[in-house]
Amino acid sequence: MRGVVLHAPGEIRVEDLPDPAVLEPGDAVLRLEATCVCGSDLWRYRGEDPFSTPQHMGHEYVGVVEEIGSSVHSLTPGDRVVGSFFASDNSCEICAAGYQSSCVHRQLMSGAQAQRLRVPLADGTLVVVGGTPDDAQLRGLLAASDVFGTGWFGARAAAVSPGKTVVVVGDGAVGLLGVLSARLQGAERIIAMSRHASRQQLALEFGATDIVAERGDEGIERVRDLTHGLGAHCVIEAVGTNEAMRQAFTLTRPGGHLGFVGVSHGVSFEGRELFMSHVHLHGGPAPVRDYLPELITRIMANEINPGRVFDLDLPLDGAAEAYRAMDERTAIKVMLRP
Ligand SMILES: [Zn+2]
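Residues numbered from 1 in each chain as written. Predicted model: local features only at pLDDT ≥ 70, side-chain atom pairs only at ≥ 80, totals over all residues.

### Points about the overall build of the chain
- Helix and strand counts for the chain come out as 12 helices and 18 strands.
- A globule of 338 residues ought to have a C-alpha radius of gyration of about 20 Å, and the chain, at 19 Å, matches this closely.
- By principal-axis analysis of the C-alpha atoms, the chain measures approximately 60 × 40 × 40 Å.
- Within the chain, counting contacts between residues at least 6 apart in sequence, those at least 24 apart form 68% of the total. (Helix = DSSP H or I, 4+ residues; strand = E, 2+ residues; numbered from the N terminus. Rg over C-alpha atoms; globule rule 2.2 N^0.38 Å. Contact = placed C-beta atoms within 7 Å.)

### Here we look at the sheet that holds strand β2 (residues 11-16)
- The strand order across the open sheet built from three strands is β2-β1-β4, with neighbouring strands paired in antiparallel fashion. Strand pairing shows two members of the sheet lacking a second neighbour, β2 and β4 (55-56), which therefore form its edges.
- As paired strands, strand β1 (residues 2-8) and β4 are joined by two bridges and run antiparallel to one another. Within the sheet, the bridge partner assigned to valine 5 lies in β4 and is histidine 56. (Pairing = 2+ DSSP bridges.)

### Quick notes on the packing of helix α5 (residues 147-157) against helix α6 (residues 173-184)
- It is at 7 Å that the axes of α5 and α6 come closest, and there the two elements cross at 55°. As far as their axial angle goes, α6 and α5 are oblique. Between α5 and α6 lies a crossing of right-handed hand. Residues Val147, Phe148, Thr150, Gly151, Trp152, Gly154 and Ala155 of α5 lie in contact with α6, whose contacting residues are Ala173, Val174, Leu177, Gly178, Leu180, Ser181 and Ala182.
- Among the residues making up the contact of α5 with α6, the classes are represented as nine nonpolar, five polar and no charged. (Axes fitted to C-alpha atoms, helices over the stretch in contact; angles between N-to-C directions. Parallel < 35°, antiparallel > 145°, perpendicular 65-115°, else oblique. Left-handed = near helix turned anticlockwise from the far one by under 90°. Nonpolar A, V, L, I, M, F, W, Y, C, P; charged D, E, K, R; others polar.)

### Things to note about the nonpolar core
- Grouped together as the largest cluster of nonpolar side chains are 106 residues, with contacts concentrated most on Val166, Val167, Val168, Val169, Val179, Val235 and Ile236.
- Looking at which domains feed residues into this core, each of domain 1 (2-146 + 287-337) and domain 2 (151-283) supplies at least three. (Core = buried A, V, L, I, M, F, W, Y, C linked by C-beta atoms within 7 Å. Buried ≥ 20, exposed ≤ 12 C-beta atoms within 10 Å, placed from the backbone. Domains from an automatic or database assignment.)

### Description of the sheet that holds strand β12 (residues 189-193)
- Pairing within the open sheet is parallel, and its six strands lie in the order β13-β12-β11-β14-β15-β16. Edge positions in the open sheet fall to β13 (210-212) and β16 (280-283), since each of these has one partner strand only. The average undirected angle you get between the axes of adjacent strands in this sheet is 20°.
- By the bridge criterion, four bridges tie strand β11 (residues 165-169) to strand β14 (residues 232-237) in an arrangement that is parallel. Bridge assignment links valine 166 to a residue of β14, and that residue is cysteine 234.
- Those strands touched by helix α9 (residues 242-251) are β11, β14 and β15 (252-260), and its axis lies near 145° from that of β15.

### Focus: the domain arrangement of the chain
- Domain parsing of the chain yields domain 1 (2-146 + 287-337) and domain 2 (151-283).
- Computed over C-alpha atoms, the centres of domain 1 and domain 2 are 26 Å apart.
- The interface is formed by 14 residues belonging to domain 1 together with 13 residues belonging to domain 2.
- Class assignment for the residues of the side of domain 1 that touches domain 2 results in nine nonpolar, two polar and three charged.

### Remarks on the packing of α5 against helix α11 (residues 288-300)
- Taken N-terminus to C-terminus, the directions of α5 and α11 make an angle of 105°; their axes are 9 Å apart at the nearest point. Comparing their axes, α11 and α5 come out roughly perpendicular. Between α5, through Phe148, Gly149, Thr150 and Trp152, and α11, the contact on the second element is made entirely by Val288, Tyr291, Leu292 and Leu295.
- For the contact of α5 with α11, the class distribution of residues is six nonpolar, two polar and no charged.

### A closer look at helix α12 (residues 319-327)
- Residues of α12 that are buried include every one of Ala319, Ala322, Tyr323 and Met326, and no others. Around the axis of α12, the buried residues are gathered within 95° of arc, so they sit on the same side.
- Buried residues belonging to α12 abut β1, β2, α1 (41-45), β17 (310-315) and β18 (333-337).
- At the C-terminal side of α12, arginine 329 shows a positive phi close to 60°. (Arc of directions from axis to C-beta.)

### A closer look at the environment of aspartate 89
- Among the secondary structure elements, aspartate 89 is positioned in the loop between β7 (86-87) and α2 (93-96).
- When the 19 C-beta atoms within 10 Å are taken as the criterion, aspartate 89 is described as partly exposed.
- Aspartate 89 sits 31 residues away from proline 120 along the chain, and the two C-alpha atoms are 9.1 Å apart.
- Setting aside residues up to four positions removed in sequence, aspartate 89 forms contacts with Cys95, Cys103, His105, Leu121 and Gly124.

### Observations regarding unusual backbone geometry
- One non-glycine residue, histidine 228, lies in positive phi territory at about 55°.
- With respect to the secondary-structure elements, histidine 228 resides in the loop between α8 (216-226) and β14.
- Residues other than glycine seldom take positive phi values, yet histidine 278 does so here, at roughly 60°.
- In this structure, histidine 278 sits in the loop between α10 (271-277) and β16.

### Thoughts on the pairing of strand β6 (residues 80-83)
- In this sheet, β6 lies alongside strand β5 (residues 61-68) in antiparallel orientation, the contact comprising four bridges. Across the sheet, tyrosine 61 pairs through a bridge with glycine 83, a residue of β6.

Spelled out as structure tokens, the structure:
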């Protein structure tokens, strides 16, 4: 099969790789219909997360079950499924509490930028899609696999509920889908921070009520003006840098909630400022598995169109161009068709 391998920072190659096989009784092997490049893949692509061996990339996928192990009971070859970036048993105490991405048996997925994928803990990890998706729905399902599920968790972690004012820091796919999630979870006012016209447009389409294009201290002032000087009830941080996290923290009012879902890099806080802030902090790798059934149902009912974040489509063999477009921010999110 063909698959995407990162050999060194900036060096993406699409190569012939061995076909994955069932190795454990709980495994499934999928033939992938759609995959994509993640903002989090860029940390390694840019050399900011060091690695020493070639990396078989990708953790977002929609596919059809081709083969199952002997203990898999909830799936049948031919089922169309969505999974996420952590495989989980979906049955331990942590999973039952809704934190499948910290499952006691969790396994980090990789290798989904390929034609086929082995998924461990298949019964717990994969969710079957009822019906045959059209193209927009397929894009939506692919978004649900990570960026939509992550935006959804960001809004949950920020305790979004009806009547609340929400600020979203970050205008990548996760931030934009954080806007959509905040709207679906009932937010009254959603302030999206973005400097890019096409991203602002999509934020408005997803339900943003205000756009703040200013950055840094100016951006903070603008949001303060919009929130009567108090800051927001709920802030979703979807970048992961110290600057973005500090901005998000500053914009959260005392007693408010900050949901941080950007993968933290170089973020640091002093205990005393946390102590004095009265800000609720919650975040981490999203338990996407917990949200997949609801998100899939809404997508297949055409209630929402989260797949709008994919603004560039390439064949799998165009992966090097896909990484470049994501890195240079000429695309919001690139879909790869295996
Ligand atoms: Zn578990």
